[in-house]
Amino acid sequence: MKYGIAIFPPKKIQDVANSYRKRYDPHYALIPPHITLKEPFEAEDSEIKEVVPHLKEIAKETKPIEIEINKVSSFAPVTNAIYLKVEPSEEIMTVNEKLEAKLPGKSEHSFVPHITIAQKLSDDEFSDVYGSLRMGGFELKETVDRFQLLYQLENGSWTVYETFVLGEG
């Protein structure tokens, strides 16, 4: 089964992201706006049972994370994806490093904290949408106090397997 680890930001940030995702993200119905902490990986049920204690430990060692978003960015030219850029705080980078060290599967790309708001756009559409979004600024700042272990259903949607609260022990 395919698993992933993500942070679901507070409603205010989700509302902003969804205002774009409804139109520009074909994955809109499959998963709420999120910050991927660990790229999806394959694992058996028995492996996940071994992973959960590591996730509890990482969550316990981590203070709540402040999420700050000031602008949009993109992964062009690799892909026509547009995202809300999450400022890379020490806390979020450390959580990613710990997850990479403890969990199966190595990420193909370096970790860029973000919330995807548009993907799979044609070149022209990407140019138009990115051009107009870059002109606007964002001032979003919220604190998150948990991350989720998710698994993917047969229809491609993602569901929470377990939630881990930060700083609790």
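So, here is what we can say about the structure in this document. Note that the structure is predicted; figures quoted are calculated from it, not measured. (Residues numbered from 1 in each chain as written. Predicted model: local features only at pLDDT ≥ 70, side-chain atom pairs only at ≥ 80, totals over all residues. Heavy atoms only, no water.)

Some details on the nonpolar core
For clarity, the threshold we go by: We define the nonpolar core as a collection of buried residues of types Ala, Val, Leu, Ile, Met, Phe, Trp, Tyr and Cys that are connected through side-chain atoms lying within 4.5 Å of one another. Partly exposed describes any residue whose relative accessible area lies between the buried limit of under 20% and the exposed limit of over 50%, with all areas from a 1.4 Å probe on protein chains only and scaled to the type maximum. Secondary structure is summarised from DSSP: a helix means a run of H or I of at least four residues, a strand means a run of E of at least two, and numbering begins at the N terminus for each. Every residue pair with non-hydrogen atoms within 4.5 Å of one another is taken to be in contact.
Ranked by size, the top nonpolar core spans 43 residues in total, and within it Leu37, Leu55, Ile67, Ile69, Ile82 and Phe147 carry the most contacts. Here this core takes 6 residues from helix α2 (residues 45–61), the largest share from any one element. Look past the residues within four positions of leucine 37 in its chain and what remains in contact with it is Ile5, Ala6, Ile7, Ile92, Val95, Asn96, Leu99, Phe111 and Phe147. Ala6, Phe8, Ile31 and Trp158 belong to the second largest nonpolar core, which has 5 residues in total.

As for the pairing of strand β7 (residues 146–152)
The test is simple: For two strands to be treated as a pair, DSSP must find at least two bridges joining them.
Pairing between strand β1 (residues 2–7) and β7: 4 bridges, direction antiparallel. By the bridge assignment for β7, isoleucine 5 is matched with leucine 149. Pairing between β7 and strand β8 (residues 158–165): 7 bridges, direction antiparallel. Following the sheet pairing, glutamine 152 is matched in β8 by tryptophan 158. What sits between β7 and β8 in their antiparallel hairpin is a turn of 5 residues, with glycine 156 showing a positive phi close to 95 degrees.

Looking at helix α3 (residues 90–102)
Applicable threshold: The span you would expect from a helix comes to 1.5 Å times its residue count less one. This arc is built from the directions going out from the helix axis to the C-beta atoms.
Here α3 contains 13 residues, and its C-alpha end-to-end distance of 18 Å stays within 8% of the 18 Å for a straight helix at 1.5 Å per residue. For α3, the set of buried residues is Ile92, Val95, Asn96, Leu99 and Glu100. Across the axial projection of α3, the buried residues extend over an arc of 135 degrees, all falling on one side. Set apart from the buried face of α3 by more than 90 degrees, the exposed residues are Glu90, Glu97 and Ala101. Where the residues of α3 are buried, they touch β1, β2 (35–42), α2 and β3 (65–74).

Some points on helix α1 (residues 11–24)
Put simply, the rule is: What is called the bend at a residue is the angle between a pair of axes, fitted to the seven residues leading up to and ending at it and to the seven starting from it.
The terminal C-alpha atoms of α1 lie 19 Å apart, and with 14 residues this matches the ideal 20 Å at 1.5 Å per residue to within 8%. By the largest-angle criterion, asparagine 18 marks the main kink of α1, which is about 30 degrees. Along α1, the residues that are buried comprise Ile13, Gln14, Ala17, Asn18, Arg21 and Tyr24. Looking at the buried side of α1, the elements it contacts are β3, β4 (82–86), β5 (114–118), α4 (123–135) and β6 (140–144).

With respect to the sheet that holds β4
Using the following cut-off: Inter-axis angles, ranging from 0 to 180 degrees, are taken between N-to-C directions of lines fitted to C-alpha atoms, where helices are fitted over the stretch in contact.
Strand order in the open sheet formed by 4 strands is β5-β4-β3-β6, with antiparallel pairing between adjacent strands. Of all the strands in the sheet, just β5 and β6 have a single pairing partner and so form its edges. On average, each strand axis in the sheet is inclined to that of its neighbour by 35 degrees, with strand direction left out of account. Across 5 bridges, β3 lies against β6 in antiparallel orientation. Bridge pairing in β6 places glutamate 66 opposite threonine 143. Across the sheet, α1 touches β3, β4, β5 and β6, and the angle it forms with β5 is around 35 degrees.

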